[in-house]
Amino acid sequence: MTSEDANPGPCTPEIEMTSGQKGRPRIRWRNGYPVLLLAEPGQPSRLPAQRFCLGSAQARPGPDGDDVFIIGERSSGVRDLLEWWCDTLNNTEYSWLLARGDTWDRDFFKTSKSEAQESNASEPEAKEAETFPDKIRNLVEQFGSPEKKHTLDRAKILMQLDDELPQLSSIPHRFTLIFRHLSKLPDPVSGQCAEALAVIRDHGHCNKLRFVVADNRLSIYQPRGDASGFQRFCFTYRPAHWDTESIEVLANQLLSDQETKPIGEKTIAEILDFTGGQPLLVHDLLQRLHRLEQPEIKPEDVIYASRQMRANPPAQTNAWSQDLQQILTDHPQLIEAMRRYAAGETLGPARFPPPAAERALFINGWLRLNEDYRWGMTSEMHRRLAMPILD
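Below or above, wherever it landed, is the structure these notes cover. Remember, predicted model here, so these are calculated numbers, not experimental data.

1. Some details on the side chain of T378
Reasoning step 1: Here T378 is to be found in the loop between strand 12 (375–377) and helix 15 (380–390).
Reasoning step 2: Using a relative accessible area of 2% as the deciding quantity, one classes T378 as buried.
Reasoning step 3: Residues contacting T378, with those up to four places away along its chain left out, are H241, T275, G276, G365, W366, L367 and R368.

Quick look at the structure:
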């Protein structure tokens, strides 16, 4: 797969209501999912990263070992991207299993629709099918078990799984293993699991398995002294921030119950300037605008709501600030660069590419390429969050 293959056309935002009595609108994507390509396997990182629409063809495992690494700050859209990935695979013949580091238990693993369909199979088929999830679940649970003491032991478990797959007639094609938040497994298990995946690929094993790994922490996937990490064998993505079309669709749906006039272009631009299209910030700001119960939302209403948000930011932004503090501790040379960006400095095309050292700030959502194709602070809200750390 190349970046050219991964653009089936523009991703179109649509509205889906969340489940429950207090269902709320959220963005779902048609034609694919918008992402930023950080790197292709074995290639240098790209800053600014290329934005494109990841299509269903790329969600399906191909024959060439197209493993995927997804990285982004907390509440960046990684969960939604994985939901899209699983839904896309469910519309194909490909099977998958998703395991989370913060709930590493076979009973909490999610699997493809093939398991849900077992009860409809005839008795001989059902008896064979029920061994599929058990075998897969048991081996994956062992992969992240604290009882295993060495990286090689964990690699051997996945090699055993790879050997078992041809015996399972219910899995005629490559199997996708999706790991989310391996970094939340206890030490040293988390690092051993990440290293085991790298060892497997470095030695050309497990060709019937395809790995999709997603996290908001980079350290275990990029061991000290190895600048490339998972980048050497994975397509590396982060979810793209929302654009004006996405914000407009969500805002007008959210405010429709109040018969509010459609939001104008200048108002959308004000929302984008303050949030940078970061999903958590967009949602929070729109909820504040919704509570104003105005017949028309104007730019000055966004300014008013944004002041409230600066005074009382979403709780999740505390984690962003902690991550920024850690990045600047690990890379003190970035402090002056962040101060310049916080003061409003941007880099234009004549000075591209941005310094490679700023990749960590980009991955964690602090820097981005804006609508004017300039590289700088993601949003006014990000600037406000960064200032106490930079003083």
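More follows now that the structure is in view.
2. As for helix 12 (residues 317–330)
Reasoning step 1: Under the 1.5 Å per step criterion, the end-to-end length of helix 12 is 20 Å for 14 residues, consistent within 8% with the ideal 20 Å.
Reasoning step 2: Residues T317, A319, W320, S321, D323, L324, I327 and L328 constitute the buried set of helix 12.
Reasoning step 3: For helix 12, the elements touching its buried residues are helix 10 (279–292), helix 13 (334–342), helix 14 (359–363) and helix 15.

3. Quick notes on the sheet that holds strand 5 (residues 67–71)
Reasoning step 1: Sheet architecture is open: eight strands sit in the order 4-3-10-5-9-8-6-7, paired in mixed fashion. What marks the edges here is a single partner per strand, and that holds for strand 4 (50–54) and strand 7 (110–111).
Reasoning step 2: Direction of pairing for strand 6 (residues 96–100) relative to strand 7: antiparallel, over a ladder of two bridges. Looking at the pairing, L97 lines up with T111 of strand 7.
Reasoning step 3: This element, helix 7 (residues 189–202), spans strand 5, strand 8 (175–180) and strand 9 (209–215) of the sheet and lies at about 145° to strand 9.

4. Concerning the state of the cysteines
Reasoning step 1: What the rule picks out here adds up to one disulfide.
Reasoning step 2: Shown here is the disulfide that connects C11 with C53, its sulfur atoms set 1.9 Å apart. Across the disulfide from C11 to C53, rotation about the S-S bond amounts to roughly 105°, and the bridge is consequently right-handed. Of the two residues, C11 is situated in the segment before strand 1 (12–17) and C53 in strand 4; the sequence distance between them amounts to 42 residues. Each member of the pair, C11 as well as C53, carries the same accessibility label: buried.

5. Re the packing of aromatic side chains
Reasoning step 1: As enumerated under the stated definition, the model contains 13 aromatic pairs in all.
Reasoning step 2: The interplanar angle of 75° and the centroid separation of 5.5 Å between the aromatic rings of W104 and F109 together place this pair among those described as edge-to-face. In terms of burial, W104 and F109 fall into one category: buried.
Reasoning step 3: Here the aromatic cluster, defined as three or more aromatic residues joined through ring pairs, consists of W29, Y33, W84 and W85.
Reasoning step 4: Across the ring face of F362, the terminal group of R238 is positioned such that the distance to the ring centre comes to 5.9 Å.

6. Looking at the pairing of strand 3 (residues 33–39)
On a regular strand, one side chain projects to one face of the sheet and the next to the other, so that they alternate.
Reasoning step 1: Across the seven residues that make up strand 3, a large majority, seven, are buried.
Reasoning step 2: Strand direction decides the pairing type here: strand 3 and strand 4, joined by five bridges, are antiparallel. Bridge pairing in strand 4 places L37 opposite Q50.
Reasoning step 3: Alignment of strand 3 against strand 10 (residues 234–239), held across four bridges, turns out to be antiparallel. Its bridge partner lying in strand 10, A39 is registered against T236.

Procedures and definitions
- Residues numbered from 1 in each chain as written.
- Predicted model: local features only at pLDDT ≥ 70, side-chain atom pairs only at ≥ 80, totals over all residues.
- Heavy atoms only, no water.
- Helix = DSSP H or I, 4+ residues; strand = E, 2+ residues; numbered from the N terminus.
- Buried < 20%, exposed > 50% of the residue type's maximum accessible area, 1.4 Å probe, protein only.
- Contact = heavy atoms within 4.5 Å.
- Expected span 1.5 Å × (residues − 1).
- Pairing = 2+ DSSP bridges.
- Axes fitted to C-alpha atoms, helices over the stretch in contact; angles between N-to-C directions.
- Disulfide = S-S within 2.5 Å.
- Phe/Tyr/Trp six-rings, centres within 6.5 Å; stacked < 30°, edge-to-face > 60°.
- Lys NZ or Arg CZ within 6 Å of the ring centre and 35° of its normal.

Take it as geometry only, folks, not as evidence of what the structure does.
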